[in-house]
Number of protein chains: 6
Amino acid sequence: MTRILVLNGNTTQAITDRIAAAARAAAPPGVTIEGMTAPYGLPLIVTRADWLLAGPPILEALASRRGHYDAAVIAVFGDPALDAAKELLDVPVLGISEAAFHAASMLGRRFGIVSFTAALRPMFEDCLDQHGLRGRLAGFRMGPPDASYPAELGAAEQAQLLALIEQSVALDGAEAVILAGGPLAGLAPVLQPRVAVPLVDGTAAAVRLAAALAGLAPALRSRRPRPLSGYGAAISGLYARS
Amino acid sequence: MTRILVLNGNTTQAITDRIAAAARAAAPPGVTIEGMTAPYGLPLIVTRADWLLAGPPILEALASRRGHYDAAVIAVFGDPALDAAKELLDVPVLGISEAAFHAASMLGRRFGIVSFTAALRPMFEDCLDQHGLRGRLAGFRMGPPDASYPAELGAAEQAQLLALIEQSVALDGAEAVILAGGPLAGLAPVLQPRVAVPLVDGTAAAVRLAAALAGLAPALRSRRPRPLSGYGAAISGLYARS
Amino acid sequence: MTRILVLNGNTTQAITDRIAAAARAAAPPGVTIEGMTAPYGLPLIVTRADWLLAGPPILEALASRRGHYDAAVIAVFGDPALDAAKELLDVPVLGISEAAFHAASMLGRRFGIVSFTAALRPMFEDCLDQHGLRGRLAGFRMGPPDASYPAELGAAEQAQLLALIEQSVALDGAEAVILAGGPLAGLAPVLQPRVAVPLVDGTAAAVRLAAALAGLAPALRSRRPRPLSGYGAAISGLYARS
Amino acid sequence: MTRILVLNGNTTQAITDRIAAAARAAAPPGVTIEGMTAPYGLPLIVTRADWLLAGPPILEALASRRGHYDAAVIAVFGDPALDAAKELLDVPVLGISEAAFHAASMLGRRFGIVSFTAALRPMFEDCLDQHGLRGRLAGFRMGPPDASYPAELGAAEQAQLLALIEQSVALDGAEAVILAGGPLAGLAPVLQPRVAVPLVDGTAAAVRLAAALAGLAPALRSRRPRPLSGYGAAISGLYARS
Amino acid sequence: MTRILVLNGNTTQAITDRIAAAARAAAPPGVTIEGMTAPYGLPLIVTRADWLLAGPPILEALASRRGHYDAAVIAVFGDPALDAAKELLDVPVLGISEAAFHAASMLGRRFGIVSFTAALRPMFEDCLDQHGLRGRLAGFRMGPPDASYPAELGAAEQAQLLALIEQSVALDGAEAVILAGGPLAGLAPVLQPRVAVPLVDGTAAAVRLAAALAGLAPALRSRRPRPLSGYGAAISGLYARS
Amino acid sequence: MTRILVLNGNTTQAITDRIAAAARAAAPPGVTIEGMTAPYGLPLIVTRADWLLAGPPILEALASRRGHYDAAVIAVFGDPALDAAKELLDVPVLGISEAAFHAASMLGRRFGIVSFTAALRPMFEDCLDQHGLRGRLAGFRMGPPDASYPAELGAAEQAQLLALIEQSVALDGAEAVILAGGPLAGLAPVLQPRVAVPLVDGTAAAVRLAAALAGLAPALRSRRPRPLSGYGAAISGLYARS
């Protein structure tokens, strides 16, 4: 039995519920999912400062549940706190952007990124650079930067996404396509039958890859106990252990 | 039940047996492994021409067992035929270099590559470039280029590897280390207890990641039937299907 | 007298004839051209799997005529089998993409790539990366990805190409322009009088550069004889020689 | 009169005092320096998790003194919170790594990085990548990774540094050299008379460049007020303003 | 008192006067500006050959005023003679492209470049590569390549620029914008109140950064006296000194 | 008959004579070589300022012989004036570094650079970046940076070079090796019989490639006549022609 903690980095419980459901739908047999909401921070993570401020509550949450999961997923595009979490925890921790990039890279030579709004583009470019995979990008196909996400993803919205996916494949040469943006979670299996290349969903990819890595390479870095002030008991406790 | 075909790209059955055993040891529950040997080619794959000539028998083998596996692993460092196989087959196909690079990238910020012989270095550099992950490399720590692999990996050889791993971590800042070279297959779990960062074995990583991707994103590219001459029935059949 | 073997990597004799004629037109004095068709494979090379499967017949052909040429040209865009051929043969072997990129780089600071169809773009991007010259590219100017090549290159088609060339120069800053795609072979000297920057044809560039390198640096790598199974006598013979 | 806030990202007042003194020594006429200590966090910032956890107290400190400075310097190698601070504040904010890299790049074609301990190397590599200036690096010349910093920088330690600087210039071709690591602050003007290329100190460079940019380009991004929970009043106030 | 020499690399005195006025407007307190015109060369620098031929008169001018300035600015986009001047002189020398790139990089994560004419684009791409900062570019937003600069920058021209700036911010994600092209000098402070991100003017940035570096790191490389023929006394004198 | 002008960029006639002899030895049948010495400048080109100051006399020389050659070679490592010459002249102009890099890239997957002195290394790195071929470099193998070139290349010096070449091949994986530095001109054919990979000489490569390109793609850029002051009649004449 492999236990995966899926952590929503913002404070909105409804988003946690949706992410956890998508994670459970993608989980392989023998894998259990625990959804968790960031204990404090912002209801929605949008700016660069938001990513930074989402970091400590993510680490607090991961620290507070330590020992109850075999791998963790930080379910925020842009992968806040990811490097710190990898360093601090003794189980694999994956971000959903990271997982989408790596899964797409293994499914095709170059991947496209599709979303309703180009507002995500600079964040994705930074994140591709951070993971070193910008060279695998076929290109972005996105709606206008000021587009708001539709409340409901009906037939019209699906048709719009399929058109963007088609452009990514036909014009950019994408051999896999990442559906980017929280509201698209869970849509990949719905659209997949109408698309000739793999569609990649960040949460699903992260759950699958986290389960794969959970068994692969556990390790514990030795460290000196150090005093951390101004943060909660869980994370200060992680620093205090030897 | 997920079926993974693990394909040895050279013609040496003993190597197939060893790889299949390593694959089975790493397979998650519910995953079965079928080992397979390239039907023709070279007993050992060493040069660039070897990689090319190993390609068609790999594709033939994959084509001949089509329908009997849910994902495939090409178990040759350097990943011969990988892009062609990804394009031609309708299930995920992973190479063991590719899998090692991606797994190591997800387990640490920068990874080292350790082997007994620096003769592998140019191949690994090409392969890192091919997968776009050269930027994640912390560095190589390898024995001399003319070193031959020891027949037996005894205590002395293990100590030599541990010293190289230690240099990779301490001097290059590696946060995960790939054990490179066929004879090291299966060694990662043996050495892991003595190492503070994750050790990555290509075959194990490939089996785990292939199982993870098997369920994620199946897709079938449409294509026109085309005549292929001079190759066996299985691969010509793949070309002939619409 | 310098003898250059120009090898058509697909099995269509008419294409060989056209390529050989273009090669002869571009050959400097004292250089003879031998055209040759791949002994098996595909009538047209289009996909990534095609490139791989075209490799062994190309190596077979090169091996079978060994000793009868001083340099060879692999006349397929995408340069299949190129690295293996360079390694295996003891005379220079050039690809037509490689030759076009290097010639264009020496003729101007940045070069454009022009063709009737954007379907070639991903292949050219991969190929630019393989040769390390992506940074010299000013940009692509290509027709739609689903365009088919015209049967005849009449005044209308030439005007279309000239418009794309003009965009490459004026909008992308190209200082040399590569005409990409087999059907454009031989067109560069026709259009050159109407264009202010050098037009580069892959076959012509390859013949010229192969002749230049033929005399420069002959070398023979020592090697151990090794058994190769499943391929023809010529290439197995190359492996068997010491 | 230009007011620069120099923020020590750790909680050790003695380090703040030393940094503020170095900043004052480097400040141009008409520039005043205010030193400030992070209100919570770690006494010393060493690991990747430390950098993340140092971020919020840095933003809190910057927010709490808003209006009392014309530019700010985050005086921690590795530049924690830098992008968030640039985004959130309406005055220029510079990191000392960033400043050292840019100053060195403007003083010479390629710069070396010299320190007592190679433990800083991975952090500097990440930081060079983050600022896009890895290509300007001539190389690192550092003591062993487990070296501890000497308590006193006497003649022997200075001679050791001068030897590393000399190697950087003679063997790596450095045309400017960055002295890296907190304890070296203030040493550049002492060693400069014995070195033929510019020596760059991060704090001094940051103060000078911050003063230069302070007058150049003030701007205020418009934003929507948003609720931030779990952090102090100053930073939540920054989020709440429109 | 810091003295900055601002050198116009072409022979047109009217341009010198305009640049010197812009430099004085941007100079911090305690900094004096001396404008200077290249003693020979071209009335306007446009082509790559122009940049080369502008180099020696720039070095001559810098050499002839040696000792009368503490830092120098080469006020030509494309930064002719910059590396040679840095090497030859014993005070900091900055180019206006260099200064704009570095200032913009310190003011925002990615910067846009805006101008009336795309004719500048290849030069800027080369220059970004030379300074290693291409990765920080958000994108170009420029008028057509054959646009001529308006004689007067009236309300219509300003509106056109503001529209390009807005596209750079909204579509490319620019967090700072460089106004490129000589005729735009002095416009940044005029447009800044209507723009939410910093606008960067090359001359102003160069003057500010040169003043900042003037005090930081003076150094004199030792050299052997060498004979230089065919150039004026000032530069030959620089070569002749030991 | 193809006429190639080989231009020595420094003012030392003896070097011109040696270069011209090496060029003649490498010239293919039907190619004539004219050696030429820079009309002014420096007796030896060593520093970055030297490269710049060598530019105008090179352009003057090329302009003064215009019409008497079909291609030109700038025979100075570092390729001074190359981009300007390519732009200004209506025949191909090649640099010897450029030619060596391109020839070596076509002769092997990665090339090494070997010389007696590491003092050349920063120049070669810059030059590799300028031509975009740094990624093809296997590595440098050079003597100490303060080594002076031996007056005579006797058996001991040849043995030293062969050792460096051997390291480049065995340790760096070089598949072609460039002999760098003027005094090594003409040595490649002497050492080639003892080396298993191609040895590349810059002058020989440049002559061969210039001859190859001479016939390929002549073009004349249209331009407006423009006044150039302070330079000789030949180059001013080039500017004045329409």
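What you are looking at is a predicted structure, and each value in this text was computed from that prediction instead of being measured.

K.L.:
Can you walk me through the sheet that holds strand S8 (residues 199-201) of chain C in this structure?
P.N.:
Pairing between the strands of a sheet comes from backbone hydrogen bonds, and it takes one of two forms, parallel or antiparallel. Residue and element names in this part refer to chain C. As summarised here, the arrangement of the four strands in space is S6-S5-S7-S8, forming an open sheet in which the pairing is parallel. The open sheet is flanked by strand S6 (137-142) and S8, the only strands paired with a single partner. The sheet shows a mean angle of 25° between the axes of neighbouring strands, direction not considered. Here strand S7 (residues 176-179) runs beside S8; their pairing, made up of three bridges, is parallel. Opposite Val 177, over in S8, you have Leu 199 as the bridge partner.

K.L.:
Could you clarify how one ought to interpret unusual backbone geometry in this entry?
P.N.:
Backbone geometry follows two general trends: most residues other than glycine have a negative phi, and most peptide bonds adopt the trans configuration. Its identity as a non-glycine residue notwithstanding, Ala 81 of chain D has a phi of 65°, on the positive side. Tracing the sequence through the fold places Ala 81 of chain D in the loop between strand S3 (71-74) and helix H3 (82-88).

K.L.:
Quick question: what am I supposed to make of the relation of the copies chain B and chain D here?
P.N.:
With an RMSD of 0.0 Å, the operation that places chain B on chain D is a rotation of 120° combined with a shift of 0.0 Å along the axis. What the rotation and shift describe, once combined, is the action of a three-fold rotation axis. Considering only C-alpha atoms, the part of chain B nearest the rotation axis is Gly 135 of chain B, at 7.3 Å.

K.L.:
I'm lost on the packing of helix H2 (residues 48-64) of chain B against helix H2 (residues 48-64) of chain C in this one. Help?
P.N.:
Packed helix pairs are specified by the crossing angle of their axes together with the interaxial distance, meaning the distance between the axes. Packing of H2 of chain B against H2 of chain C leaves a shortest axis separation of 9 Å and a crossing angle of 120°. By the angle class used here, H2 of chain B and H2 of chain C are oblique. Handedness of the H2 of chain B/H2 of chain C crossing: left-handed. Counting all contacts with H2 of chain B, which are made through Ala 49, Leu 52, Leu 53, Gly 55, Pro 56 and Leu 59 of chain B, the residues of H2 of chain C involved are Ala 49, Leu 52, Leu 53, Gly 55, Pro 56 and Leu 59 of chain C. Across the contact of H2 of chain B with H2 of chain C, the residue classes break down as ten nonpolar, two polar and no charged.

K.L.:
Looking at this model, I keep getting lost on the relation of the copies chain D and chain E. Mind explaining?
P.N.:
There are two copies of the chain, and a rotation about an axis plus a shift along that axis relates them. Between the two copies, chain D and chain E, the superposition gives an RMSD of 0.0 Å; the rotation angle is 180° and the shift along the axis is 0.0 Å. The transformation relating the two chain copies, once decomposed into turn and shift, fits a two-fold axis. Interface overlap between copies: 98% of the residues of chain D at the interface are likewise at the interface in chain E, consistent with a symmetric, same-surface contact.

Conventions we followed
Residues numbered from 1 in each chain as written. Chains lettered and ligands numbered in written order. Predicted model: local features only at pLDDT ≥ 70, side-chain atom pairs only at ≥ 80, totals over all residues. Pairing = 2+ DSSP bridges. Helix = DSSP H or I, 4+ residues; strand = E, 2+ residues; numbered from the N terminus. Axes fitted to C-alpha atoms, helices over the stretch in contact; angles between N-to-C directions. Least-squares fit on C-alpha atoms with pLDDT ≥ 70 in both. Parallel < 35°, antiparallel > 145°, perpendicular 65-115°, else oblique. Left-handed = near helix turned anticlockwise from the far one by under 90°. Contact = placed C-beta atoms within 7 Å. Nonpolar A, V, L, I, M, F, W, Y, C, P; charged D, E, K, R; others polar.

By themselves, these observations are geometric and do not establish any function.
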